[in-house]
Amino acid sequence: MSAAPTPALPDERLAAGAARLATRHAGSFSAETVKGLLTDSYRRLAETASVTTYLVMLAERFTAERLDALAHVQGVPGSGLVRVLFVCSHNAGRSQLAAALLQHRAGGRVTVSSAGTHPGPGIEPHIAQVLTEAGADAADAFPKPLTDEVVGAADIVITMGCGDACPVVPGRRYLDWPVADPDGAPIAVVRQIRDDIDRRITDLLASLPST
């Protein structure tokens, strides 16, 4: 009896990304695992994306993050940095601000992720501007759904005061930061929210190991 045919990718342009990711993770994950995760990432992002022009590229980036998280969970050498995950409802405002600020301030000490329980179609207005003003960068940020791999890999999970339900993994550190919502807020208010998050980032970094 012949084997069942391999399901086709939802977009043929994903094949090049699947090949790149499979090469990068050769010896850790099979090509079929990579392809399946890439297909799942593409479909999840397509469910909420308002603009699909860059969906293939974003799916590859999202899959790369998920594979990195899986590697961490499975103890692949070189994946041992402290991992911090920021979670909010839409992954379009607060969690993106926090992730970009921590990435900027940490100097490579941590691995940072963000996700949404109900990801929005795009990043909220003013987010990129206030981050640029702080010297951080969110030019490549995009809303992503919360996945088991990223939660399982996180050492610290931080929700942003919006009552989001997040799976509880034993041994993880959970924090909740009661931060105001920047959705629809004027730029001056978004700057205040950024500065509030930045202060919390400073305290978080002070609580982490120095190496």
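Scroll up to find the structure this text is about.
Because the structure is a prediction, the values reported are computed rather than measured.

Visitor: Got a minute to help me understand the overall build of the protein chain in this structure?
Guide: The secondary structure content of the protein chain amounts to 7 helices and 4 strands. Beginning at the N terminus, the succession of helices and strands in the protein chain can be written as α-α-α-β-α-β-α-α-β-β-α. Whereas a compact globule of 211 residues would reach a radius of gyration of roughly 17 Å, the protein chain reaches 18 Å, a difference of no more than 12%. Each principal axis of the C-alpha atoms in the protein chain carries an extent, and together these give about 65 × 40 × 30 Å.

Visitor: What should I look at first to understand the packing of aromatic side chains in this one?
Guide: Aromatic ring pairs are described here by two measures, namely the spacing of the ring centres and the angle between the planes. Evaluated as defined, the whole model comprises 1 aromatic pair. Their ring planes at 55° and their centres at 5.7 Å tell us that Phe86 and Trp177 sit as a pair that is tilted. Of this pair, Phe86 sits in strand 1 (residues 82–88) while Trp177 sits in the loop between strand 4 (173–176) and helix 7 (187–207), and the two are 91 residues apart along the sequence. Classification of Phe86 as buried rests on a relative accessible area of 0%. Between the NZ or CZ atom of Arg66 and the centre of the ring of Phe62, over which it lies, the distance is 5.3 Å. The ring of Phe142 is capped by Lys144, whose NZ or CZ atom sits 5.0 Å from the centre of that ring.

Visitor: Which parts of the structure should I look at to understand the pairing of strand 2 (residues 110–116)?
Guide: Note on strand geometry: in a regular strand, side chains alternate between the two faces of the sheet. Of all 7 residues in strand 2, 7 are buried; the element is thus mostly enclosed. Following the backbone out of strand 1, through helix 4 (residues 94–106) and into the adjacent parallel strand 2, one traces a crossover that is right-handed.

Visitor: Whenever I open this one, the sheet that holds strand 1 confuses me. Can you help?
Guide: As a general point, the strands of a sheet are linked pairwise by backbone hydrogen bonds and lie either parallel or antiparallel. Read across the sheet, 4 strands follow the order 2-1-3-4 without closing on themselves; strand pairing throughout is parallel. Each having just a single partner strand, strand 2 and strand 4 make up the two edges of the open sheet. In this sheet, neighbouring strand axes are inclined to one another by 20° on average, regardless of whether the strands run parallel or antiparallel. Judged from the 4 bridges that link them, strand 3 (residues 156–159) and strand 4 form a sheet pairing that is parallel. Bridge assignment links Thr159 to a residue of strand 4, and that residue is Asp176. Here helix 3 (residues 55–73) sits on the sheet in contact with strand 1 and strand 2, set at roughly 130° to strand 1. Across the sheet, helix 4 touches strand 1 and strand 2, and the angle it forms with strand 2 is around 175°.

Visitor: Teacher, can you tell me more about the packing of helix 4 against helix 7 here?
Guide: Angle between the axes and distance between the axes are the two parameters that describe a pair of packed helices. Running from N to C, helix 4 and helix 7 cross one another at 50°; their axes reach a closest spacing of 9 Å. The pairing of helix 4 with helix 7 is recorded here as oblique in orientation. The way helix 4 lies across helix 7 gives a crossing that is right-handed. Of the residues in helix 7, those in contact with Arg94, Leu97, Ala98, Leu101, Leu102, Arg105 and Ala106 of helix 4 are Ile193, Arg194, Ile197, Asp198, Ile201, Leu204 and Leu205. Among the residues forming the contact of helix 4 with helix 7, the class breakdown is 10 nonpolar, no polar and 4 charged.

Analysis parameters
- Residues numbered from 1 in each chain as written.
- Predicted model: local features only at pLDDT ≥ 70, side-chain atom pairs only at ≥ 80, totals over all residues.
- Heavy atoms only, no water.
- Helix = DSSP H or I, 4+ residues; strand = E, 2+ residues; numbered from the N terminus.
- Rg over C-alpha atoms; globule rule 2.2 N^0.38 Å.
- Phe/Tyr/Trp six-rings, centres within 6.5 Å; stacked < 30°, edge-to-face > 60°.
- Buried < 20%, exposed > 50% of the residue type's maximum accessible area, 1.4 Å probe, protein only.
- Lys NZ or Arg CZ within 6 Å of the ring centre and 35° of its normal.
- Right-handed = clockwise from strand over helix to strand, strands pointing away.
- Pairing = 2+ DSSP bridges.
- Axes fitted to C-alpha atoms, helices over the stretch in contact; angles between N-to-C directions.
- Contact = heavy atoms within 4.5 Å.
- Parallel < 35°, antiparallel > 145°, perpendicular 65-115°, else oblique.
- Left-handed = near helix turned anticlockwise from the far one by under 90°.
- Nonpolar A, V, L, I, M, F, W, Y, C, P; charged D, E, K, R; others polar.

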